[in-house]
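Topology and contacts: notes
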Amino acid sequence: MHTIKSRLRARIGEILAGAYPIAPNDIDFIIPPQAKMGDLALTLPFGLAKRQKLNPRAVAQEMMSRLGTLPGVARMEVAGAGYINLFLDKDAFFAARLAAAGTTALRPAERKVIVEHTNINPNKAAHIGHLRNTCLGDTLVRCLRFQGETVEAQNYIDDTGVQVVDVVFGFLEIEKKSLADLDGIERFDFYCWDLYARTAAMLEKEPAAQARKTEILKAVEHGQGEAGAMAAYVSRRILRAHLATMKRIGAAYDVLPCESSILDLRFWDKAFERLKQEGAITLAGEGPNAGCWVMRLEDEEDKEKIIVRSSGTVTYVGKDIAYQMWKFGLLERDFYYEPFAEDEGRTIWMSTAAPNERGIHFGGGSRVYNVIDTRQSYLQKVVVQGLRALHFEAQAAKSTHFSYEMVALSPRSMKELGATIAAGDEDKAFHEVSGRKGLGVKADDLLDKLEANAYAEVAKRNPDLPEETKRRTSRDIARGALRYFMLKFTRNALIIFDFAEALSFEGETGPYLQYTAVRLNSIFRKLEEREGRTLAAVGEAGREHPPAMSTLPAQEQADAWGLLTLSSQLDDEVLRSIEALEFSHLAKYAFSLCQACNGYYHKYPVLNEEDAGLKAVRLQVLYSARDVLVRALDLMGIPVPERM
RNA sequence: GCGCCCGUAGCUCAGCUGGAUAGAGCAUUUGGCUUCGAACCAAAGGGUCGGGAGUUCGAAUCUCUCCGGGCGCGCCA
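Residues numbered from 1 in each chain as written. Chains lettered and ligands numbered in written order. Predicted model: local features only at pLDDT ≥ 70, side-chain atom pairs only at ≥ 80, totals over all residues. Heavy atoms only, no water.

Digging into the overall build of chain A
- When you go through chain A residue by residue, the secondary structure sums to 25 helices and 17 strands.
- Computed over C-alpha atoms, the radius of gyration of chain A comes to 29 Å, within 12% of the 26 Å expected from 2.2 N^0.38 for 644 residues, which places it in the range of a compact globule.
- Taking all 644 residues of chain A together, 54% fall into the buried category.
- By element, 50% of the accessible surface of chain A is carried by carbon and sulfur atoms, the whole surface being about 28300 Å².
- Between the centroid of the 82 positive side chains of chain A and the centroid of its 88 negative side chains there is a distance of 3 Å. (Helix = DSSP H or I, 4+ residues; strand = E, 2+ residues; numbered from the N terminus. Rg over C-alpha atoms; globule rule 2.2 N^0.38 Å. Buried < 20%, exposed > 50% of the residue type's maximum accessible area, 1.4 Å probe, protein only. Areas by Shrake-Rupley, 256 points an atom, 1.4 Å probe, with all protein chains shown as cover. Lys, Arg positive; Asp, Glu negative; His and termini not counted. Charge placed at Lys NZ, Arg CZ, Asp CG, Glu CD.)

The following block contains the structure:
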């Protein structure tokens with residue numbers, strides 16, 4: 001649909017250019033609410049009628065007669081208050097769709113796109129909130145790559161931050177453990193989850209301990225002593241656990257830039273210099289911020305943001321401005337890199353301050369997406385203002401904060417977790433996840449639960465499958481269920497997490513989509529078993545001898561056409577999802593496509609159809625739908641098992 | 001106080017940048033497995049789109065206002 005829309009847009013623009021005052025952007029299509037109203041509709045007459053104070057219907061009539069015949073369009077009609085409805089040439093469209101199987105008409109727009117996501121503090125196990133971040137970020141990466149963009153997936157590691165320091169403090173001061181003791185701890189990320197909560201509670205109760213924590217923080221920032229070594233150990237080991245967790249949902253990264261490298265390579269000094277040079281920050285002489293370097297904020301006259309404290313240390317925002325500059329290649333510096341892990345043949349690189357001769361480079365994107373929850377909107381805005389203050393207007397315009405709402409816990413989930421509800425919070429509709437309080441659903445626990453439920457279903461339905469296949473299938477189903485669950489909500493929707501809802505495998509869920517794909521695959525597998533025709537052979541037959549749809553009986557033609565046009569909208573949906581950063585669009589689209597597939601093959605048998613003509617059409621319609629569905633699922637990171 | 005977000009069916013949510021009769025899933029009721037897989041399909045009931053005003057050919061969608069809920073606004077990260 002994307003292809004024919006672009007073609008029609010260009011052609012209509014050409015024809016009407018002399019007759020009406022229209023810009024190319026005015027020509028837009030909507031999909032009519034009912035199939036009998038056509039395949040595409042022009043709303044152009046409404047806009048023109050308004051400007052020229054004419055009757056929209058009359059404008060539509062005149063416009064339609066000017067348009068004459070359009071390529072690929074069988075007929076047009078004026079309808080409703082002034083729509084021009086287009087009915088496509090079904091056979092030509094069918095043939096074009098079959099020829100285009102497995103391809104996209106989308107084209108890249110950027111030199112290089114950087115997507116930063118996940119970014120979990122490496123001091124405890126990942127939880128459901130982190131899963132939402134990664135699902136959104138990884139889906140964005142997949143969609144951009146589908147569009148043909150060169151994409152770098154970055155996962156920023158704050159390995160010297162206070163959260164890591166808290167855990168180091170816990171080991172050293174509360175548990176009196178040495179670095180050597182840590183190797184013996186199993187499920188290290190879960191262990192630290194509890195320790196972090198205990199430490200946070202203890203530090204709150206005993207302010208006197210703050211001094212010791214500050215000491216540890218300094219040592220960690222300079223990589224000195226046992227604390228420094230322990231911070232490196234904790235952050236690396238937790239990071240490996242995070243990567244393993246995210247691998248379970250199919251997320252991968254190209255590079256892991258570390259806070260420690262930023263400190264060691266003094267990225268901030270360079271940025272500080274520039275900020276001062278450009279007058280973007282000034283030294284406050286008096287008032288409450290005396291002695292601090294501050295940045296004035298747009299919109300808020302009376303406010304200034306502290307970038308460098310009076311003690312000379314840089315704040316979080318300041319570091320983030322420097323880091324954002326690096327992402328755009330504006331810092332004139334880069335990290336060194338060394339391999340951190342291998343993932344299915346691809347190396348995941350980690351930044352280091354230690355020079356090497358590898359010649360590997362990252363960063364320097366022409367567009368940057370930061371996937372961070374909405375609570376950081378204000379700070380993200382300040383970071384972009386920092387770029388603007390340095391006169392990097394173009395980069396500021398291409399810095400996108402991909403914000404999304406948090407995942408909270410329903411009262412029922414709280415009960416299932418055995419969590420106690422704080423006094424005064426009894427009436428709340430939801431409870432915020434908090435790593436500091438150790439309150440939340442750990443990602444691996446949820447995935448384990450999903451897998452266990454999936455395993456029970458698989459074992460019930462396919463008892464004869466080998467054990468390893470059952471396990472693998474359960475993992476695929478768990479991943480599908482989770483990824484769809486995280487994508488089906490719009491990003492501004494607060495997800496109030498409920499186990500029953502998240503663990504459902506029926507209705508609008510990942511497993512429903514997977515089941516549809518499995519059944520479609522099954523039809524083609526049986527076709528090969530019974531008739532020796534492979535999927536590839538069906539595809540080739542469709543490309544070379546596309547069957548005609550126009551000869552079908554009316555009802556069947558309508559149903560086949562409905563499924564075909566729906567399955568032709570992947571490009572449009574991907575583009576729309578990227579532009580709006582709203583992958584619920586893609587999710588809903590894939591779900592609708594599955595509903596249409598299930599309805600279609602339920603109504604029209606393929607393998608047992610004796611009429612060769614009917615069979616050929618049905619086979620090709622399903623071939624096309626299968627092709628699109630499998631790709632849509634892949635974009636969402638949802639795998640398709642062989643059986644389920 | 002200022003900024004941002006949310007309010008749509010009993011519940012959980014969509015609603016394609018202002019379009020034609022507001023849609024899904026769950027739950028409820030009913031029907032369908034001897035056929036390419038029932039994690040499915042077919043059908044039914046269920047709505048003052050938080051309230052009010054405005055903009056116009058046309059509003060769930062845009063503007064204003066009020067009500068209810070959430071999140072931000074630190075010499076923390």
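After that view, the rundown keeps rolling.
Here we look at the protein's contact with RNA strand B
- Near RNA strand B there are 64 residues, and of these Y83, K303, R461, T490 and Y601 occur at the shortest range.
- When atoms of RNA strand B within 4 Å of the protein are sorted by moiety, sugar and phosphate together comprise 62%.
- G507 is positioned with one of its backbone polar atoms (N or O) 3.3 Å from a phosphate oxygen of RNA strand B.
- Contact distances for RNA strand B include 3.3 Å between a sugar or linking oxygen and a backbone N or O atom of E508. (Near = heavy atom within 4 Å. Polar contact = N/O pair within 3.5 Å; in protein donor to acceptor, adjacent residues only side chain to side chain.)

Looking at helix 21 (residues 535-544)
- Every buried residue of helix 21 is accounted for by V538, G539 and G542. Across the axial projection of helix 21, the buried residues extend over an arc of 100°, all falling on one side. In helix 21, those exposed residues whose orientation departs by more than 90 degrees from the buried face are A536 and E544.
- Buried residues belonging to helix 21 abut helix 4 (90-99), helix 20 (510-531) and helix 25 (612-635). (Arc of directions from axis to C-beta. Contact = heavy atoms within 4.5 Å.)

Quick notes on the sheet that holds strand 16 (residues 431-432)
- Spatially, 16-15-17 is the arrangement adopted by the 3 strands of the open sheet, whose pairing is mixed. Lying at the two open borders of the sheet, with one neighbouring strand each, are strand 16 and strand 17 (495-497).
- The pairing of strand 15 (residues 407-409) with strand 17 spans 3 bridges and is parallel. Paired with A408 across the strands is I496, a residue of strand 17.
- In the packing of helix 5 (residues 128-146) onto the sheet, the strands contacted are strand 15 and strand 17, and the crossing angle to strand 15 comes to about 155°. (Pairing = 2+ DSSP bridges. Axes fitted to C-alpha atoms, helices over the stretch in contact; angles between N-to-C directions.)

Some remarks on helix 8 (residues 188-205)
- Over its 18 residues, helix 8 runs 25 Å from end to end, which matches the ideal 26 Å to within 8%, given 1.5 Å per residue.
- All of the buried residues in helix 8 are F188, D189, F190, C192, W193, L195, Y196, A197, T199, A200 and L203.
- Buried residues along helix 8 sit in contact with helix 6 (162-174), helix 7 (179-182), helix 9 (210-221), helix 10 (225-248) and helix 17 (443-461). (Expected span 1.5 Å × (residues − 1).)

Focus: the pattern of salt bridges
- Counting across every chain of the model gives 46 salt bridges.
- With a closest N to O distance of 2.5 Å, K112 and E152 form a salt bridge. Of the two residues, K112 is situated in the loop between helix 4 and strand 5 (113-116) and E152 in strand 6 (residues 151-154); the sequence distance between them amounts to 40 residues. The pair K112 / E152 is uniform in exposure class, with both members buried.
- In this structure, the salt-bridge partner of E215 is R212, at a minimum N-O distance of 2.9 Å. Here the residue E215 and the residue R212 both occupy positions in helix 9, the gap between them amounting to 3 residues, near one helical turn.
- Take R212: its relative accessible area is 29%, and that puts it in the partly exposed class.
- What you see here is one network of salt bridges that share partners, running through D138, R142, R483 and D634. (Salt bridge = Lys/Arg side-chain N within 4 Å of Asp/Glu carboxyl O.)

Overview of the sheet that holds strand 10 (residues 304-308)
- As summarised here, the arrangement of the 3 strands in space is 8-9-10, forming an open sheet in which the pairing is antiparallel. For this open sheet the edge positions go to strand 8 (282-283) and strand 10, each flanked by a neighbour on one side alone.
- Sheet analysis places strand 9 (residues 293-296) next to strand 10, joined by 4 bridges and oriented antiparallel. By the bridge assignment for strand 10, M295 is matched with K305.
- Against the sheet, helix 14 (residues 377-389) engages strand 9 and strand 10, with an angle of about 90° to strand 9.

Description of the domain arrangement of chain A
- Annotation of chain A at the domain level lists domain 1 (2-88) and domain 2 (510-635).
- A separation of 29 Å is found between the C-alpha centroids of domain 1 and domain 2.
- In this complex, domain 1 contributes 5 residues to the contact, which on the side of domain 2 involves 6 residues.
- Around 450 Å² of area is buried between domain 1 and domain 2 when both sides are counted, 51% of it from carbon and sulfur atoms.
- The largest share of the area that domain 1 buries against domain 2 comes from H2, I31 and D39, three residues that together contribute 76% of it.
- Joining domain 1 to domain 2, the criterion identifies 1 salt bridge.
- A salt bridge links K5 to D572; the shortest N-O distance between them is 3.1 Å.
- Our count for the contact surface shared by domain 1 and domain 2 stands at 3 residue pairs in polar contact (both at pLDDT 80 or more).
- Here the residues of the side of domain 1 that touches domain 2 sort into 2 nonpolar, 1 polar and 2 charged. (Domains from an automatic or database assignment. Buried area = accessible area lost by both parts, 1.4 Å probe. Nonpolar A, V, L, I, M, F, W, Y, C, P; charged D, E, K, R; others polar.)

Considerations on the side chain of D444
- With respect to the helices, strands and loops of the structure, D444 is situated in helix 17.
- A polar atom in the side chain of D444 sits 2.8 Å from the side chain of R248.
- Contact partners of D444, with chain neighbours within four places excluded, come to R187, D189, F190, T245 and R248.

Topic: the environment of R479
- Within the secondary structure layout, R479 lies in helix 18 (residues 467-487).
- Note: C-alpha distance between R479 and K247 (232 residues apart in sequence) is 9.8 Å.
- The residues contacting R479, other than those within four sequence positions of it, are K247, R248, I249, G250, G637 and P639.

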